[in-house]
Amino acid sequence: MSTPKMKPNFIKDIIDDDMKTDKYGGRVHTRFPPEPNGYLHIGHAKSICLNFGLAKEYNGLCNLRFDDTNPETEEMEYVESIKDDVRWLGFDWEDRLYHASDYFEQLYEYAVQLVKKGKAYVCDLSMDQIREYRGTLTEPGKESPYRNRSIEESLDLLERMKAGEFEEGARVLRAKIDMAHPNVLMRDPTLYRIRKKDHYRTGGEWCIYPTYDFTHCLSDSIEGITHSICTLEFENNRPLYDWILDELGVHHPQQIEFARLNLSHTIMSKRRLLELVEEGLVSGWDDPRMPTLSGLRRRGYTPESIRNFCDEIGVAKANSIVDIVMLENSIREELNKTTPRVMAVLRPLKVVIINYPEDKEEELEAVNNPEDPSMGTRKVPFSRVLYIEQDDFREEPPKKFFRLAPGREVRLRYAYFVKCVDVIKDEKTGEILELHCTYDPATRGGDAPDGRKVKSTMHWVSAKEAVEAEVRLYDYLFTKRDASEVEEGKDFKSNLNPNSLATLTSCMLEPSLKDAKPGSRFQFERLGYFCVDTVDSTPDKLVFNRTVTLRDPWEKIRKQIEREK
RNA sequence: UGGGAAGUCGUCCAACGGUAGGACACAUGACUCUGGAUCAUGGAAUCGGGGUUCGAAUCCCUGCUUCCCAGCCA
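Rules and cut-offs
Residues numbered from 1 in each chain as written. Chains lettered and ligands numbered in written order. Predicted model: local features only at pLDDT ≥ 70, side-chain atom pairs only at ≥ 80, totals over all residues. Heavy atoms only, no water. Helix = DSSP H or I, 4+ residues; strand = E, 2+ residues; numbered from the N terminus. Rg over C-alpha atoms; globule rule 2.2 N^0.38 Å. Buried < 20%, exposed > 50% of the residue type's maximum accessible area, 1.4 Å probe, protein only. Contact = heavy atoms within 4.5 Å. Near = heavy atom within 4 Å. Polar contact = N/O pair within 3.5 Å; in protein donor to acceptor, adjacent residues only side chain to side chain. Nonpolar A, V, L, I, M, F, W, Y, C, P; charged D, E, K, R; others polar. Pairing = 2+ DSSP bridges. Disulfide = S-S within 2.5 Å.

S.K.: Explain the overall build of chain A here, please?
M.R.: Within chain A, the regular secondary structure consists of 13 helices and 25 strands. Radius of gyration (C-alpha) of chain A: 31 Å, far over the 24 Å computed for a compact globule of 565 residues. Residues counted as buried form 52% of the 565 residues belonging to chain A. For chain A, contacts bridging at least 24 residues in sequence account for 71% of all contacts bridging at least 6.

S.K.: Looking at this structure, how should I read the protein's contact with RNA strand B?
M.R.: The environment of RNA strand B is made up of 71 residues, and the closest members are Asp13, Arg341, Gly445, Arg551 and Lys556. Counting only atoms of RNA strand B within 4 Å of the protein, the fraction found in sugar and phosphate groups is 63%. Within the side chain of glutamate 312, a nitrogen or oxygen atom sits 3.2 Å from a sugar or linking oxygen of RNA strand B. Glutamate 525 is positioned with one of its side-chain polar atoms (N or O) 3.4 Å from a sugar or linking oxygen of RNA strand B. Going through the elements one at a time, α5 (127-134), β6 (190-194), α11 (303-313), α12 (324-338) and α13 (553-564) are the ones with two or more residues in the surface near RNA strand B. For the surface near RNA strand B, the residue count by class is 26 nonpolar, 20 polar and 25 charged.

S.K.: Whenever I open this one, the sheet that holds strand β18 (residues 432-440) confuses me. Can you help?
M.R.: Note on sheets: strands pair through backbone hydrogen bonds, and any given pair is parallel or antiparallel. Across the sheet, which stays open at both edges, the 7 strands sit in the order β19-β16-β17-β18-β12-β15-β20 with mixed pairing between neighbours. Only two strands of the sheet have a single partner each, and these edge strands are β19 (457-458) and β20 (461-462). Sheet analysis places strand β12 (residues 348-353) next to β18, joined by 4 bridges and oriented parallel. Bridging across to β18, lysine 350 finds its partner in glutamate 434.

S.K.: What am I meant to see in the state of the cysteines here?
M.R.: Note on terminology: a disulfide is the covalent bond linking the sulfur atoms of two cysteines. On inspection of all chains with the given rule, the structure shows 0 disulfides. In this structure cysteine 310 is not part of a disulfide, and its nearest cysteine sulfur, from cysteine 49, lies 4.0 Å away. You can call cysteine 310 buried: its relative accessible area is 7%.

Okay, structure coming up:
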């Protein structure tokens, strides 16, 4: 299977130029460099598809590298989840699984080299002092009093930092660049800091850890990366990336920045997602409302649909917010073609077919997928007592409501025409308890021999054989299109959608669903795509997640009617 | 008020000096045993102002708006 070519974008333009000029000997080598401090989300998927996709398109390679230089936040659990998610998305790093922490020794040697070259020094200023000395965006900084200490002294101090002789925060290693540089990142940035914390991989071996800026460029260099693709906020770091590599005279990949993905009605900040998890506002990183890959997976999204989405949204340098309906479109598109149809009633309304014999029961043939005849047919039982959707009946139908109403005839899919003859209500509350209908035996299978038409076809489930299940309906996690746009004095959680989850407990499914396996997907006709929850579903008590609704013109009409009232 | 970057249909992305195009969304119609799917049709954009050019989204000047940077986070 050949993957279609990535749409044109500015990164491909750059690579094309590099190929023409033979900048890297015709090589393309990228990497996906997550920090294992959280779960991957759909924004990472964009980066993964880009990096692995580019490598594939140019017959190159893409590494998976954990950017693990901060022992405070990183954990093995995250490493495992990230590997799972990348694999699930459909990408393969083969034998190229790397860790920045693998390079600690080498990185330290580079640091020593820089000191020896007079391009780095150990600074005894406190964190606050360093901040003061840095100056501001508009004013230059001033040089640290330790800036010009001898190379020998810095070397000695660095050695002793490494040996654990100093407290956290007592000293750092800094690059010696230019305290008056208009880019504040170039004002003698920190290269190493002391952290007396065990690292999830190197344990207690190190008590000094290299910073991102020092680590990232050199890791890229060590791995022979050609195009180091990152997000826009690192544009300011590029001069430093280049400076370090140039001073050390090592292989020099090209850093290219693109705009990270923002999706409407959700957030992409790992810090904030973690906050939702920790405060129990969602059930976990894999809550089906989360934009995480594990959340989307549990929700019923497929890897292919996410890859298609990433292709569709393109790559550019302009900050933007992609409407989440594009994501929904991508999953509908796939599931429409691949998913078996099935009948399920979410909010049951009992219907008695009064002229259908008490003990009679028959099986009717239903098509599994009209998009794919090879998926065949199945039998669904029909009997005197059925359930239909509460929404499919209106005692006083508004205009354009074509479904069941008193005196009106509709088709029960694959079954019969039925006509509503009576509405049974609770005498006290007025609540509709059940409907009495008659059926026309001549319409078996769903067609009337006399050619008469109905305006609506409805799904239904035979009461006797029905399988009861729980169904979870999801809506957007945040109410605002730009979920990060918060009112003065409030935080992002004030934008949470209080109705993002609705749990329905007495849903009635057709019996063919009885043995549905966790993770399997179905279209509940007229309702949407659903998948069996992989965490909470059991054979005795099935739990379904709604992945996405079907397009629903009636919903639009309904809202319009409501507005006109 | 320093430095870096970005502004194209409602949204996202193309067009690389030569007819502004695609996807999603929207609207209308056809078809339909899912108000699904499918098909057809339509509306819809170059941040403003100058300039160069036969010709500018693209090149130049200028203004405006938005985003990023003052972690020993990444």
